[in-house]
Amino acid sequence: MEIDRAVAEGLDAQDPLAPFRTRFAIDDRLVYLDGNSLGRLPLATVARVGGLVSGEWGRRLIRGWDEGWLALPRAVGDRIGASVLGAAAGQVVVADSTTVCFYKLAAAALCLRPGRTEIVTDVDNFPTDRFVLEGLAAARGLTIVWVPSRRHGGVSEGDIEELIGPQTALVTLSHTTYRSGFIADMAAINTLAHDVGALTLWDLSHSAGSVPVELDAWGADLAVGCTYKYLCGGPGAPAYMYARAELQPALRQPIWGWLGRQDPFAMEQGYVPGPGIDALVSGTPPVLGLACVEEGVRVVQDAGIDAIRAKGTALTSFLVLLLDERLAALGVGLGSPRDPLRRGSQVALTHPRAQELCAALVERGVIPDFRAPDVIRVGLSPLTTRFVDVWDGAEALRDLLLYS
Ligand SMILES: *Cc1c(COP(=O)(O)O)cnc(C)c1O
């Protein structure tokens, strides 16, 4: 039986998460396949930001800090921890950009392992992570040990085992990689790193809100991630940091700001780190962004990560089926793991003319992402993507390959 659009319509009709689409601002004429780069706008965010700006900022003014604003970094952090990170309360805080959060935690980890000379990461890790590590290594005279590229896959336990030893201070990877969507075995890699006395730092930007993560149970030391992808926090929304409770007393992040100090409003001489996770904060919390993150995470929490994961796997599997049946013969390849349990909520389609094809798709109102050199990255955000969107996107690509 040939697959047609009715198959996709049937899958949508049975989708338990279908009603969640109505909680977002959505223009049905656009086939949006990039929710893993910038998640859609929740309608609750529109109301929240309006009230925050005119009511809280406009009328309460400075009193807002004591009426809830100062508590937001921890409150939103705990909500993220409980709903999508598998982290007990008091271990997650929302603060700066992902890049700055990553810098703070990577530097703090290196301070906990003085005398060790190596940082292990992979050449296909997200650019900002690689660059921050290069800067830290240059400043401290450390060496980065690069796991070689497996562009369409990711880093295995075997790769790590080969490269670590008593010289390793830190192992840091993306849990779900940005290009192929490969999911690393976090628990196994944590165990390997701990066996040689190294710490781990995970970037969860492409995992949080799309695949289950159990930081506490899997023994992670540190983690960061952004909130504007599957968590729908909006452009430039602040990122979160996780630090395992046992590590917190000794952990020293490098940006000693007043709001990370113990008893900040005493305006005392000398920096003394604040209690627990508070010490990871540096400056004034980005209140507008924090409110947006809270609303985005609330929608994700209402749906539940298990239901989100089930739909994510179904969406990516449907696209891989369309690839095999309708696109492979036209020269399109799979740049993601074939095993759905090993890939996140995205599929990398490979084609030598990927860049030009992406531009042509955008012109037709189909929005994927181009990732150099040859990947059309299709992000299938489970709360807002329908199976017919997958069908329409794949057919638009097929059309271009057949007739342009
Ligand atoms: C999106 C993303 C970031 C973003 O960093 P910003 O500082 O928010 O620009 C970082 N790491 C990974 C793995 C990402 O996917």
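Just so we're clear, the structure is a prediction, and the values are computed from it rather than from any experiment.

## A short note on the sheet that holds strand β6 (residues 199–203)
Taking strand neighbours across the sheet as the criterion, the seven strands line up as β2-β8-β7-β6-β5-β3-β4 in an open arrangement whose pairing is mixed. Every interior strand has two partners, whereas the edge strands, β2 (92–94) and β4 (143–147), have only one. On average, adjacent strands in this sheet sit at an angle of 20 degrees to one another, irrespective of strand direction. Note that β6 and strand β7 (residues 222–225) share three bridges and pair parallel. Looking at the pairing, Trp202 lines up with Ala223 of β7. Of the strands in this sheet, β3 (118–122), β5 (168–174), β6, β7 and β8 (240–243) are in contact with helix α4 (residues 98–111), which crosses β7 at around 170 degrees. Of the strands in this sheet, β5 and β6 are in contact with helix α7 (residues 186–195), which crosses β6 at around 150 degrees.

## Observations concerning the site of the ligand
Every residue lining the ligand is accounted for by Ser97, Thr98, Thr99, Phe126, Thr128, Asp129, Ser174, Asp203, Ser205, His206, Tyr228 and Lys229. The contact in question runs from an oxygen atom of the ligand to an N or O atom on the side chain of Thr99, over 2.5 Å. The contact in question runs from a nitrogen atom of the ligand to an N or O atom on the side chain of Asp203, over 2.8 Å. The protein chains hide 86% of the 390 Å² of surface that the ligand would expose on its own. Where the shell around the ligand is concerned, the elements lending two or more residues are α4 and α5 (127–140).

## Things to note about a nonpolar patch on the surface
Together, Val53, Trp57, Leu61, Ile62 and Leu288 make up an exposed nonpolar region whose accessible area comes to about 510 Å². By the secondary structure assignment, Val53 is in helix α2 (residues 43–60). On the accessibility criterion, Val53 (33% relative accessible area) is partly exposed.

## Quick word on the nonpolar core
Of all hydrophobic cores here, the largest spans 51 residues; its most connected members are Ile80, Leu85 and Ile160. Broken down by secondary-structure element, the contributors of at least two residues to this core are α3 (72–85), β2, β4, β5, α7, β8, α8 (287–303) and α9 (305–327).

## Examining the side chain of Asp12
With respect to the element layout, Asp12 can be found in helix α1 (residues 5–13). Within the local environment of Asp12, its side chain forms a polar contact with the backbone nitrogen of Val388, the two atoms lying 3.1 Å apart. Not counting residues up to four positions away in its chain, the partners in contact with Asp12 are Ala18, Arg386, Phe387 and Val388.

## Considerations on the sheet that holds strand β10 (residues 346–350)
Strand order in the open sheet made by the four strands is β9-β10-β13-β12, with antiparallel pairing throughout. Across the chains shown, the open sheet's two edge strands, defined by having one partner strand only, are β9 (333–334) and β12 (369–371). Pairing of β12 with strand β13 (residues 375–379), which is carried by three bridges, proceeds in the antiparallel orientation. For Asp369, the partnering residue across the bridge sits in β13 and is Arg377.

## Observations concerning the packing of α1 against helix α11 (residues 387–403)
Relative orientation and spacing of two packed helices are given, respectively, by the angle between their axes and the distance between those axes. Where α1 contacts α11, the two axes come as close as 7 Å, and the packing angle between them is 155 degrees. Relative to α11, the element α1 is oriented roughly antiparallel. Across the interface between the two elements, Arg5, Ala8, Glu9, Leu11 and Asp12 from α1 touch Phe387, Val388, Trp391 and Asp392 from α11. Here the residues of the contact of α1 with α11 sort into five nonpolar, no polar and four charged.

## Some words on the pattern of salt bridges
Considering all chains together, one arrives at 25 salt bridges under this definition. In this structure, the salt-bridge partner of Arg48 is Glu295, at a minimum N-O distance of 2.7 Å. Placement of Arg48 in helix α2 and of Glu295 in helix α8 is noted, with a sequence separation of 247 residues between them. Here Glu295 falls in the buried class, since its relative accessible area comes to 7%. Overlapping salt bridges, with partners in common, bring together Arg21, Asp28, Arg386 and Asp389 in one network.

## As for α8
For α8, spanning 17 residues, the distance from its first C-alpha to its last is 25 Å, which sits close to the expected 24 Å at 1.5 Å a residue. Of all 17 residues in α8, 13 are buried, a share of seventy percent or more. Positive backbone phi, approximately 90 degrees, marks Gly304, located one or two places after α8.

## A closer look at the packing of aromatic side chains
The tally for this structure, following the rule as stated, stands at five aromatic pairs. Taken together, a centroid distance of 4.7 Å and an interplanar angle of 15 degrees make the contact between Trp256 and Tyr271 stacked. Placement of the pair is Trp256 in the loop between β8 and α8 and Tyr271 in the loop between β8 and α8, with a sequence separation of 15 residues. Residues Phe318 and Phe387 carry aromatic rings whose centres are separated by 5.9 Å and whose planes lie at 70 degrees to one another, so their mutual orientation is edge-to-face. Here Phe318, found in helix α9, pairs with Phe387, found in helix α11; they are 69 residues apart in sequence, far enough to count as distant. Residue class for Phe318 comes out buried when judged on its relative accessible area of 5%. Its relative accessible area of 5% is what places Phe387 among the buried residues.

Thresholds applied
- Residues numbered from 1 in each chain as written.
- Predicted model: local features only at pLDDT ≥ 70, side-chain atom pairs only at ≥ 80, totals over all residues.
- Heavy atoms only, no water.
- Pairing = 2+ DSSP bridges.
- Helix = DSSP H or I, 4+ residues; strand = E, 2+ residues; numbered from the N terminus.
- Axes fitted to C-alpha atoms, helices over the stretch in contact; angles between N-to-C directions.
- Contact = heavy atoms within 4.5 Å.
- Near = heavy atom within 4 Å.
- Polar contact = N/O pair within 3.5 Å; in protein donor to acceptor, adjacent residues only side chain to side chain.
- Areas by Shrake-Rupley, 256 points an atom, 1.4 Å probe, with all protein chains shown as cover.
- Patch = residues over 30% accessible without salt bridge, like charges linked within 9 Å, V, L, I, M, F, W, Y side chains within 5 Å.
- Salt bridge = Lys/Arg side-chain N within 4 Å of Asp/Glu carboxyl O.
- Buried < 20%, exposed > 50% of the residue type's maximum accessible area, 1.4 Å probe, protein only.
- Core = buried A, V, L, I, M, F, W, Y, C linked by side-chain atoms within 4.5 Å.
- Parallel < 35°, antiparallel > 145°, perpendicular 65-115°, else oblique.
- Nonpolar A, V, L, I, M, F, W, Y, C, P; charged D, E, K, R; others polar.
- Expected span 1.5 Å × (residues − 1).
- Phe/Tyr/Trp six-rings, centres within 6.5 Å; stacked < 30°, edge-to-face > 60°.

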